[in-house]
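# Structural overview
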Amino acid sequence: MRRNTRLRLVGALAAALVTAGLATGPGAQASPGAQASPRQPTLAELAQRHGRYFGSATDNPELTDTAYTALLGDEFDMITPGNGMKWYATEPQQGVFDWRYGDQIVDLARSNHQRVRAHTLVWHSQLPDWLTGRTWTADELRAVLKKHIQTEVRHYRGKVYSWDVVNEAFNEDGSYRETLWYQTLGPGYIADALRWAHQADPHAKLYLNDYNIEAVGPKSDAYYRLAKDLKARHVPLDGIGLQAHLALQYGYPASLEDNLRRFSRLGLDTALTEVDVRMLLPATEEKLAQQADWYRDLTSACLAVRRCVGITVWDYTDKYSWIPAFFPGEGAALPWDEQLRPKPAYFAIRKALGGR
């Protein structure tokens, strides 16, 4: 190659490097627009600065969506299986256990260096037909419940951060929900479930979890009385999960921070476990701005209470939200839209966590 040709090639390469902002040394200059912008911290990283986690629920069918899983793995440090650990999925036939769906979520979390909030052991919904289709004596049902809890908790022992042990045990007026468990076993099933779970994994955090307990009121009062009683009897209970499925048309739970504090005074952790803020469709700029304010206020309330350990959104994108199927005419409940684009709520959360 001729010397002048070689010099032209070297010059062209140098010019390209300068344009790309990759050249170094004296005289190297790049246009300001060519400089890569600094990486912004994720929601999880911002929350960690406050000693909190920031998580998302997920479900098995959406794990084939690579754009979705990329954001899920990058932005969050705690994962909750939406359905894969519920009774219908894990014990579809009596004594026959199936861990495929829960294991897939746990494996995904491990690959992303995330922790898992396991959900849920005892609930009145999504039970298999073999359990609901017959009448049980108290002794029979107690044995079935104990075996299910301990088999599942042992399977995930050392693999999960916490369990929602009992889910949605109370009615809105603070009375016990008339479930299979309550009708057959009485209110003592809650303490039994907590004891059995603790025996199977002494290191997992154990929670009671429910919706519409964000504000101080009859339902959250019932949980306060129950938690106080369980603690007095030395039943292993670590925390209260406030689901925080909110709707703009019903108003913000203004006493949330006070409510979190009173559970903390019992020596309990709290967490916002299934957060979404739905609205009547169509979404408007005004509604999205109000939604952003609510996400900001929820986040700030958790940060203000030392024993509020973290926040989980109930999946992070409207693309996979449960809301439209259960509340026709409502939706747009999550911080990312159906195209995985961040909404005003996302930026409000970032700001509340101290980010930009």
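In this convention, every chain numbers its residues from 1, walking through the sequence in written order. A pLDDT threshold of at least 70 governs which residues receive local features in this predicted model, and a stricter bar of 80 or more applies before side-chain atom pairs are shown or counted, although totals over entire chains, interfaces and linings include all residues. Heavy atoms throughout the structure, all of them, feed into the side-chain values; hydrogens and water do not.

### Observations regarding the packing of helix α10 (residues 218–232) against helix α11 (residues 256–265)
- Note on definitions: angles span 0 to 180 degrees between N-to-C directions of axes, and those axes are lines fitted to C-alpha atoms, for helices only across the stretch in contact. For helices the rule is a DSSP run of H or I covering at least 4 residues; for strands it is a run of E covering at least 2, with both sets numbered from the N terminus onward. Two elements in contact, α10 and α11, have axes whose closest approach is 10 Å; the angle formed by their N-to-C orientations is 10°. For the element pair α10 / α11, the angle class is roughly parallel. Of the residues in α11, those in contact with Ser 220, Asp 221, Tyr 223 and Tyr 224 of α10 are Asn 259, Arg 262 and Phe 263.
- The classification used treats Ala, Val, Leu, Ile, Met, Phe, Trp, Tyr, Cys and Pro as nonpolar, Asp, Glu, Lys and Arg as charged, and all other residues, Gly among them, as polar. The class makeup of the residues in the contact of α10 with α11 is three nonpolar, two polar and two charged. An angle counts as roughly parallel when it lies under 35 degrees, as roughly antiparallel when it exceeds 145, as roughly perpendicular when it falls between 65 and 115, and as oblique in every other case. By definition in these notes, contact holds between two residues if any of their heavy atoms fall within 4.5 Å.

### Looking at the packing of aromatic side chains
- In this scheme Phe, Tyr and Trp rings, the latter by its six-membered ring, pair at centre separations within 6.5 Å, and the angle between planes marks the pair as stacked below 30 degrees, edge-to-face above 60, and tilted otherwise. Enumeration over the complete set of coordinates arrives at 22 aromatic pairs.
- Measuring from ring centre to ring centre gives 5.3 Å for Trp 322 and Phe 326, while their planes differ by 55°; the resulting arrangement is tilted.
- Accessibility expressed as a relative area gives 25% for Trp 322, which makes it partly exposed.
- Through successive ring pairs, a cluster of aromatic residues spans Phe 54, Tyr 68, Phe 76, Tyr 316, Tyr 320, Trp 336, Tyr 346 and Phe 347.
- Of note, Arg 115 hangs over the ring of Tyr 161, and the distance from its end group to the ring centre comes to 4.6 Å.
- The criterion for a charge sitting over a ring is simple: Lys NZ or Arg CZ within 6 Å of the ring centre, and within 35 degrees of the ring normal. Seen from the ring of Tyr 211, Lys 219 lies directly overhead, with NZ or CZ sitting 3.6 Å from the centre. Three exposure classes are used, based on accessible area relative to the maximum for each residue type with a 1.4 Å probe and protein chains only: buried under 20%, partly exposed in between, and exposed over 50%.

### Some words on the pattern of salt bridges
- A side-chain nitrogen of Lys or Arg and a carboxyl oxygen of Asp or Glu constitute a salt bridge if their distance falls within 4 Å. Summed over the entire model, instances satisfying the criterion amount to 19 salt bridges.
- In this structure, the salt-bridge partner of Arg 262 is Asp 221, at a minimum N-O distance of 2.9 Å. Residue Arg 262 is found in helix α11, and its partner Asp 221 is found in helix α10; the two are separated by 41 residues along the sequence.
- Taking the shortest distance from any N to any O, the salt bridge between Lys 343 and Asp 318 comes out at 2.7 Å. Separated by 25 residues along the polypeptide, Lys 343 in the loop between β10 (330–331) and α14 (344–352) and Asp 318 in the loop between β9 (308–313) and α13 (323–326) bring together distant segments of the chain.
- Residue Asp 318 is classed as buried on the basis of its relative accessible area, which comes to 10%.
- Connected via shared salt-bridge partners are Asp 139, Arg 142, Asp 192 and Arg 195.

### A look at the packing of α11 against helix α12 (residues 285–304)
- In contact at an axis separation of 9 Å, α11 and α12 are set at 30° when each is read in the N-to-C sense. Regarding the angle of α11 to α12, the classification is roughly parallel. When the axes of α11 and α12 are compared, the crossing they make is right-handed. When α11 is examined against α12, the residues Leu 256, Glu 257, Leu 260 and Arg 261 are found in contact with a partner set consisting of Leu 298, Ala 301, Cys 302 and Ala 304.
- For the contact of α11 with α12, the residue count by class is six nonpolar, no polar and two charged. Left-handed is the label given to a crossing in which the near helix is rotated counterclockwise from the far helix by less than a right angle, and right-handed is the label when the rotation is clockwise.

### Some details on the pairing of β9
- Counted residue by residue, β9 has six buried out of six residues, so it is predominantly covered.
- The pairing of strand β1 (residues 53–58) with β9 spans four bridges and is classified as parallel. Paired with Gly 55 across the strands is Thr 312, a residue of β9.
- As paired strands, strand β8 (residues 269–280) and β9 are joined by three bridges and run parallel to one another. Bridge pairing in β9 links Leu 272 to Ile 311.
- Orient the strands so they point away from the viewer, and a crossover whose first-strand-to-second-strand path over the helix runs clockwise is right-handed. In this view, the connection linking β8 to its parallel neighbour β9 by way of α12 has right-handed handedness. The criterion for strand pairing is that DSSP finds at least two bridges linking the strands in question.

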